[in-house]
Amino acid sequence: MHPESRSSLDGPLPPGRMVTSDEGDGDRQPLWLSDGPAAPELWTRMYTEHARSGLWPLLLDALDPNDGEFRPWESGEVFPEQMSSPASHDPAGLLAQWWATYTAVDEDDDMLDVKGHLAVTAPFGQVWPGLAAGRETVMNPEQLASEFAEVFLTDCPRTRLGLVAAPSGAEALTAVGWNGPCNYENDTAKFSAVVRDWETRFGARVVAVGFSTLHLSIAAPPVTEHEALLVAAEHFAFCPDNIWQGSRPYTLAAYAERITGAHRWDFWWD
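Residues numbered from 1 in each chain as written. Predicted model: local features only at pLDDT ≥ 70, side-chain atom pairs only at ≥ 80, totals over all residues. Heavy atoms only, no water.

Engineer: I keep staring at the overall build of the chain and nothing clicks. Help me out?
Structural biologist: Across its full length, the chain holds eleven helices and seven strands. Its C-alpha radius of gyration of 19 Å places the chain within 12% of the 18 Å reference for a compact globule of 270 residues. Viewed in the frame of its principal axes, the chain has a C-alpha envelope of about 60 × 40 × 35 Å. Burial status across the chain gives 51% buried among its 270 residues. A fraction of 74% describes how many contacts in the chain between residues 6 or more apart in sequence connect residues 24 or more apart. With an accessible surface of roughly 11900 Å², the chain has 50% of that area assigned to carbon and sulfur atoms. For the chain, the distance from the average site of its 17 positive side-chain charges to the average site of its 40 negative ones is 4 Å. (Helix = DSSP H or I, 4+ residues; strand = E, 2+ residues; numbered from the N terminus. Rg over C-alpha atoms; globule rule 2.2 N^0.38 Å. Buried < 20%, exposed > 50% of the residue type's maximum accessible area, 1.4 Å probe, protein only. Contact = heavy atoms within 4.5 Å. Areas by Shrake-Rupley, 256 points an atom, 1.4 Å probe, with all protein chains shown as cover. Lys, Arg positive; Asp, Glu negative; His and termini not counted. Charge placed at Lys NZ, Arg CZ, Asp CG, Glu CD.)

The structure is reproduced here in structure tokens:
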């Protein structure tokens, strides 16, 4: 984060420090991290000032908030130098590719037979249904993001504030070098490309990030069964653990019901 970015802020920041990445030659500092828990009004102020400061605020959760290292953020387990550019990736192509990978039938799977495997992603099975159409944003995405930030901080009071120099929340994930989905893909720019597309189609805003979790506010969620199924298919391609290890039953249809009309999307990678 450049010093001039901080100097453009309207008010002072709480105590905090720049975090140095573990990657590279040790002089890359992609993140400013508060020393203590974030306050909702501070996140909202930083969010409002983003257009001028260029600093995207992230509510940062830790793998174990009781651990003094506050992993991965304070410990520097971020890897911006490993990432490509979100602009280099086609979100539709990525989702189709991931869908094909995660719906492939493994005949050696001890948990599910072929019929059971295909039932998880019914009614589509192995056929990629394509992207869901974007919806007109009725609610104000910025106001909704601020409201979600307040709720998130109520639920997770030890969350800290991070500031990342990035043009959007989606691109902040890559700029900070977050590596949460590394069990599936090491290049976070690919996930940023998809989230950036969701920012346009669904009024998504990146509000909070954990060790391997991602939390978005959604201004224009799906409202019909068909829309929700298509969005659920995108979520499965983006983060299959949401369904494989989510709430029972572990099916696309059940997941689609849960996200219908929902103004927050949560993702977790095991």
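After that view, the rundown keeps rolling.
Engineer: What is the right way to look at the packing of helix H2 (residues 40-48) against helix H6 (residues 141-155) in this model?
Structural biologist: When two helices pack together, their arrangement is given by the angle between the helix axes and the distance between those axes. Running from N to C, H2 and H6 cross one another at 150°; their axes reach a closest spacing of 9 Å. Our classification of the angle between H2 and H6 gives roughly antiparallel. The element H2 and its partner H6 pack so that their crossing is right-handed. Residues Pro40, Trp43, Thr44 and Tyr47 of H2 touch H6, and the partners they reach there are Pro141, Glu142, Ala145, Ser146, Ala149, Glu150 and Leu153. Across the contact of H2 with H6, the residue classes break down as seven nonpolar, two polar and two charged. (Axes fitted to C-alpha atoms, helices over the stretch in contact; angles between N-to-C directions. Parallel < 35°, antiparallel > 145°, perpendicular 65-115°, else oblique. Left-handed = near helix turned anticlockwise from the far one by under 90°. Nonpolar A, V, L, I, M, F, W, Y, C, P; charged D, E, K, R; others polar.)

Engineer: I tried to follow H6 on my own but got confused; where do I start?
Structural biologist: The α-helix winds at 3.6 residues per turn, so residues separated by three or four positions along the chain end up facing the same way. The terminal C-alpha atoms of H6, which comprises 15 residues, lie 21 Å apart, in line with the 21 Å expected from a rise of 1.5 Å per residue. Within H6, the full set of buried residues consists of Pro141, Leu144, Ala145, Ser146, Phe148, Ala149, Phe152 and Leu153. Here the buried face of H6 lies against H2, strand S3 (55-60), strand S5 (204-209), strand S6 (213-218) and strand S7 (264-268). For H6, the side-chain oxygen to backbone nitrogen distance between the N-cap and Glu142 is 2.8 Å, and the N-cap itself is Asn140. (Expected span 1.5 Å × (residues − 1). Polar contact = N/O pair within 3.5 Å; in protein donor to acceptor, adjacent residues only side chain to side chain.)

Engineer: I tried to follow the sheet that holds strand S2 (residues 31-37) on my own but got confused; where do I start?
Structural biologist: Working definition: the strands of a sheet are paired by backbone hydrogen bonds and lie parallel or antiparallel to each other. Spatial ordering of the open sheet is given by S1-S2-S4-S3-S5-S6-S7, a layout of seven strands whose pairing is mixed. Since the sheet does not close on itself, it has two edges, and those belong to strand S1 (16-19) and S7, each with one partner. Across the sheet, the mean angle separating the axes of adjacent strands is 30° when strand polarity is ignored. In terms of strand pairing, S6 meets S7 through five bridges, oriented antiparallel. Residue pairing for S7: Leu216 is matched across the bridge by Trp265. Sheet strands in contact with H2 are S3, strand S4 (160-165) and S5, and its direction is about 155° off that of S3. Docked against the sheet, H6 engages S3, S5, S6 and S7, running at close to 140° with respect to S6. (Pairing = 2+ DSSP bridges.)

Engineer: Explain the pattern of salt bridges to me, please; I cannot follow it from the model alone.
Structural biologist: Here the idea is simple: oppositely charged side chains can pair when their charged atoms come close. The final tally for this structure, using the stated rule, is 13 salt bridges. Across the salt bridge formed by Arg160 and Glu74, the nearest N and O atoms sit 3.3 Å from each other. Note that Arg160 is positioned in strand S4 and Glu74 in the loop between S3 and helix H4 (91-103), a separation of 86 residues in sequence. Classification of Arg160 by relative accessible area gives buried; the value is 12%. Salt-bridge contacts for Arg201 lead to Asp197; the nearest nitrogen and oxygen are separated by 2.8 Å. Taken as a pair, Arg201 and Asp197 lie in helix H8 (residues 188-202) at a separation of four residues, close to a single helical turn. Residue Arg201 shares its accessibility class with Asp197, and that shared class is buried. Beyond isolated ion pairs, a larger network of salt bridges with shared partners links Arg17, Glu74 and Arg160. (Salt bridge = Lys/Arg side-chain N within 4 Å of Asp/Glu carboxyl O.)

Engineer: Whenever I open this one, the nonpolar core confuses me. Can you help?
Structural biologist: Grouped together as the largest cluster of nonpolar side chains are 75 residues, with contacts concentrated most on Trp73, Trp198, Leu214, Leu216, Phe238 and Phe267. Element by element, the count of residues in this core is highest for helix H9 (residues 225-238), at nine residues. Excluding its chain neighbours within four sequence positions, the residues that come into contact with Phe238 are Leu95, Trp98, Phe191, Val194, Val195, Trp198, Leu214, Phe267 and Trp269. (Core = buried A, V, L, I, M, F, W, Y, C linked by side-chain atoms within 4.5 Å.)

Engineer: How should I be thinking about the environment of Ala87 in this particular structure?
Structural biologist: You can see Ala87 is positioned in the loop between S3 and H4. Residue classification places Ala87 among the exposed residues on the basis of a relative accessible area of 57%. Between the C-alpha atom of Ala87 and that of Ser192, which follows or precedes it by 105 residues, the distance is 9.0 Å.

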